[in-house]
Amino acid sequence: MSHTLIDTLVLKLTALLEQIGATADNHLWLGYSGGMDSELLAYTLARFRQTHPKTPYQISLVHVHHGLSRNADAWAAHCRQRAEHYGLNFVLRKVQLELGPRVSIEAEARRGRYQAIAELLNPGDILLTAHHQDDQLETLLLALKRGQGPKGLAAMGQAQHLAQTPREESAPCWQLRPMLDSSRAQVEQAVASLELPYINDESNQDTQYDRNFLRAEVIPVLKQRWPSIATTASRSAALCAEQQLLLDEVSAEKLQPLLGRCRFSGVRVLDSAGLKVLSPQWQAQLLRQFIQMQRLPLPAQVQLQQALAQLLDAREDAQLELSFKGLLLKRYGQQIYAMAPLPGAAFQLLDGVGSVEDVAAKNSKLTLSQKQLQALSQGQSLSVGLTSPWQRLELTLADSGPRVALAQVMAPLMASLSAPLMASIPASQGTKVQPSDAAAPELVMGLKGSYRCQPHNRDKGRELKKLWHELGVPPWLRDRVPLLMQNGRLLALAGGFVERSALASGAEPGIVLKLVAEATP
């Protein structure tokens, strides 16, 4: 029986790898707790390697140390020894869980575990997990308990794209579950026949945890009445997955015309006016689809309905923000935004030239050093890390397009510049700035909306708060946009405009401030 099951699992793994187009370049990672199920899959991987010598996959067993049990260190040592026994690579990851009131230990342990594993994966890598048919039944029952729809009732698939990873459209990460058609009884029999040593986690006996309660108290009763319930439940999950796939395809077609991009930040937005004319059922489905497109957690059904009512009925000039766990829904104008909670705004120097001052929100400031200014004047770029929705700010030297005249920012260095370089930097607007009365330029955030600006592309000056609106910058981003200033005077707004008085003319060298956005779905 044991060898028959192992042979079946090797064939199933081979078929799944062929199904997703895997090659030897794709690293296989097993989530390895050392428990009965993952021990059998580790044994299967060792057999798989023996039977596939011409496809030399790199295979690693990764054990996550949660620190929840006094036996955790012993378990890690056991897993390392078993990996050596199988001749497979071993990786240990320790996680610090964020526990507290109203925090599910089960959910937090799972989050920490998957996050730790995701950090190891490169695009195209494959995670193997030892879920079996009875695990599928547990997942389906938990989905029913939570009142989930077809997506939740689809439970686990044998081959799925893996979230929380460095996904690229050309090389997504995958999660494969080759044991999903095998029952717990088959796994127990195979492990006993092969005499495989495995870990018994004492927490598995604690029925305060939902899965343990189902496993110990509910499923045995169901199986006593209906012995094949795990098989039939898996069939129902597969049918739900099929229906969800069709719904996703239709939803994607209906959602596409409603999608756009914020014209300043480039993030995805949803057209509230187009959404409002649809039926309530499609409104809810498309908002769910839009949130999931950003890889963000969904609110509960009741919360989603309440959010829709507020998002669609708000005045056009309302600045609406709805907060859920791990999700913010905002509306600005006719556009709906879905995002994770924004971290504090701060600069982080990426290229190692000079030093950086990291402070919070409106006081974020980075003073450009003489070394940085000299590097810029010599054609080197300066890269400054930003927080969401941007990845970084790039300062580069250019001789065309809107740019800040180099003479404006170089005044603190003029006394030490060589004559040839001095000659290449004409005074801006016919005014020579003396080093003695010029301060070093600064990158700042959070300029008051009442500040009056004169953009290079406008004939008349205007208050910054009105320019934010013209540029299409949502209110919550306005204190996060880098501004180049000197002596308390604005020189340029990154991604927006150069102040007319600081604008380089003709072929005069100048500095361009370019915002580089985060990768978006």
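Predicted, not measured: the structure shown is a model, and the values here were computed from it. (Residues numbered from 1 in each chain as written. Predicted model: local features only at pLDDT ≥ 70, side-chain atom pairs only at ≥ 80, totals over all residues. Heavy atoms only, no water.)

This part is about the nonpolar core. Judged by nonpolar contacts, the single largest core of 49 residues is most densely connected at Leu-393, Leu-395, Val-409, Leu-443 and Leu-513. Considering each element in turn, this core owes the most residues, four residues, to strand β21 (residues 489–493). Counting residues in each nonpolar core, the second largest holds 41 residues, with Leu-16, Tyr-32, Leu-45 and Leu-88 among its members. (Core = buried A, V, L, I, M, F, W, Y, C linked by side-chain atoms within 4.5 Å. Buried < 20%, exposed > 50% of the residue type's maximum accessible area, 1.4 Å probe, protein only. Helix = DSSP H or I, 4+ residues; strand = E, 2+ residues; numbered from the N terminus.)

This part covers helix α16 (residues 464–471). Taken residue by residue, α16 has Leu-464, Leu-467 and Trp-468 as its buried positions. End-on, the buried residues of α16 take up no more than an arc of 110°, which puts them together on one face. The inward-facing, buried residues of α16 abut β18 (452–453), β19 (462–463), β21 and β22 (497–498). Within two residues after α16, Gly-472 carries a phi angle of roughly 75°, on the positive side. (Arc of directions from axis to C-beta. Contact = heavy atoms within 4.5 Å.)

The subject of this paragraph is a nonpolar patch on the surface. Together, Leu-68, Leu-99, Val-103 and Ile-105 make up a nonpolar patch on the protein surface, roughly 310 Å² of accessible area in all. Considering the arrangement of structural elements, one finds Ile-105 in helix α4 (residues 105–118). Taking relative accessible area as the criterion, Ile-105 reaches 32% and is therefore assigned partly exposed. (Patch = residues over 30% accessible without salt bridge, like charges linked within 9 Å, V, L, I, M, F, W, Y side chains within 5 Å. Areas by Shrake-Rupley, 256 points an atom, 1.4 Å probe, with all protein chains shown as cover. Salt bridge = Lys/Arg side-chain N within 4 Å of Asp/Glu carboxyl O.)

Looking now at the pattern of salt bridges. Considering all chains together, one arrives at 16 salt bridges under this definition. The shortest N-O distance in the salt bridge between Arg-211 and Glu-138 comes to 3.0 Å. Remark: Glu-138 occurs in helix α5 (residues 133–145) and Arg-211 occurs in helix α8 (residues 210–225); sequence separation between them is 73 residues. The class of Arg-211 is partly exposed, set by a relative accessible area of 25%.

All right, on to the sheet that holds strand β1 (residues 28–31) then. On the basis of which strands lie adjacent, the open sheet formed by six strands has the order β3-β2-β1-β4-β6-β5 and mixed pairing. Looking at the sheet topology across the chains shown, the edges are occupied by β3 (89–94) and β5 (159–161). Between one strand axis and the next, the sheet turns by 25° as a mean value, whatever way the strands run. Sheet topology places β1 next to strand β4 (residues 126–128); three bridges connect them, and they run parallel. Counted as the bridge partner of Leu-30 is Leu-128 from β4. Contacting β1, β2 (59–65) and β4, helix α2 (residues 36–51) runs over the sheet at an angle of about 160° to β1. (Pairing = 2+ DSSP bridges. Axes fitted to C-alpha atoms, helices over the stretch in contact; angles between N-to-C directions.)

So, about the environment of Glu-106. Secondary-structure assignment places Glu-106 in helix α4. Exposure remark for Glu-106: the relative accessible area of 30% places this residue in the partly exposed category. As a C-alpha pair, Glu-106 and Asp-210 span 104 residues in sequence and 8.6 Å in three-dimensional space. Discounting residues that sit within four places of it in the chain, Glu-106 has contacts with Tyr-209, Asp-210 and Arg-211.

A few words now on the sheet that holds strand β7 (residues 259–261). Reading across the sheet, the five strands line up as β7-β8-β11-β10-β9 and stay open at both edges, with antiparallel pairing between neighbours. Of all strands in the sheet, those with a lone pairing partner are β7 and β9 (320–324), marking the two edges. Sheet twist, expressed as the mean angle between neighbouring strand axes with direction ignored, is 30°. One ladder, built from five bridges, connects β9 with strand β10 (residues 327–332); its direction is antiparallel. Bridge assignment links Glu-321 to a residue of β10, and that residue is Lys-330.

Summed over the entire model, instances satisfying the criterion amount to four aromatic pairs. On the numbers, 5.9 Å between centres and 45° between planes, the contact of Phe-48 with Tyr-57 is tilted. Across the ring face of Tyr-114, the terminal group of Arg-110 is positioned such that the distance to the ring centre comes to 4.5 Å. It is Lys-254 that lies over the ring of Trp-282; its NZ or CZ is 5.0 Å from the centre. (Phe/Tyr/Trp six-rings, centres within 6.5 Å; stacked < 30°, edge-to-face > 60°. Lys NZ or Arg CZ within 6 Å of the ring centre and 35° of its normal.)

Next up on the list: helix α12 (residues 301–313). Taking 1.5 Å per residue as the helical rise, α12 with its 13 residues ought to reach 18 Å, and the 18 Å between its terminal C-alpha atoms agrees with that figure. What α12 keeps buried is the set Leu-304, Ala-307, Leu-308, Leu-311 and Leu-312. Looking down the long axis of α12, one finds its buried residues gathered within 115° of arc, a one-sided arrangement. In α12, those exposed residues whose orientation departs by more than 90 degrees from the buried face are Val-302 and Asp-313. (Expected span 1.5 Å × (residues − 1).)

Our focus in this paragraph is the side chain of Glu-138. Judged by relative accessible area, Glu-138 falls into the buried class, the value being 0%. At 2.9 Å, the side chain of Glu-138 and the side chain of Arg-215 are in polar contact. Contact partners of Glu-138, with chain neighbours within four places excluded, come to Arg-184, Arg-211, Leu-214, Arg-215 and Ile-219. (Polar contact = N/O pair within 3.5 Å; in protein donor to acceptor, adjacent residues only side chain to side chain.)

It is worth spelling out the pairing of β21 at this point. Counting buried positions over the five residues of β21 gives four, a clear majority of the element. Counting the residues that bridge the hairpin from strand β20 (residues 483–486) to β21 gives two residues, and of these Asn-487 lies at a positive phi of roughly 55°. As judged from the two bridges shared by β21 and β22, these two strands associate in the antiparallel manner. Looking across to β22, one finds that Leu-493 is bridged to Phe-497. Connecting the antiparallel pair β21 and β22 is a turn made up of three residues, with Gly-495 showing a positive phi of about 75°.

Before going further, it helps to examine the confidence of the model for the protein chain. Detailed reading of the predicted model is not advised wherever pLDDT is low. Model confidence for the protein chain is summarised by a mean pLDDT of 86, while 88% of its residues fall at 70 or above. Every residue in residues 352–363 scores below 50 in pLDDT, and together they form 25 contacts with partners more than four places removed in sequence or on other chains. Every residue in residues 425–437 is under pLDDT 50, and counting partners more than four places away or in other chains gives 26 contacts. (pLDDT = per-residue confidence, 0-100.)

A separate point is the environment of Val-473. Relative to the helices and strands, Val-473 is located in the loop between α16 and β20. Each C-alpha atom, one on Val-473 and one on Ser-265, is 7.6 Å from the other, the two residues being 208 residues apart in sequence. If we ignore the near neighbours within four places in the chain, the residues touching Val-473 are Phe-264, Tyr-332, Trp-468, Arg-478 and Val-481.

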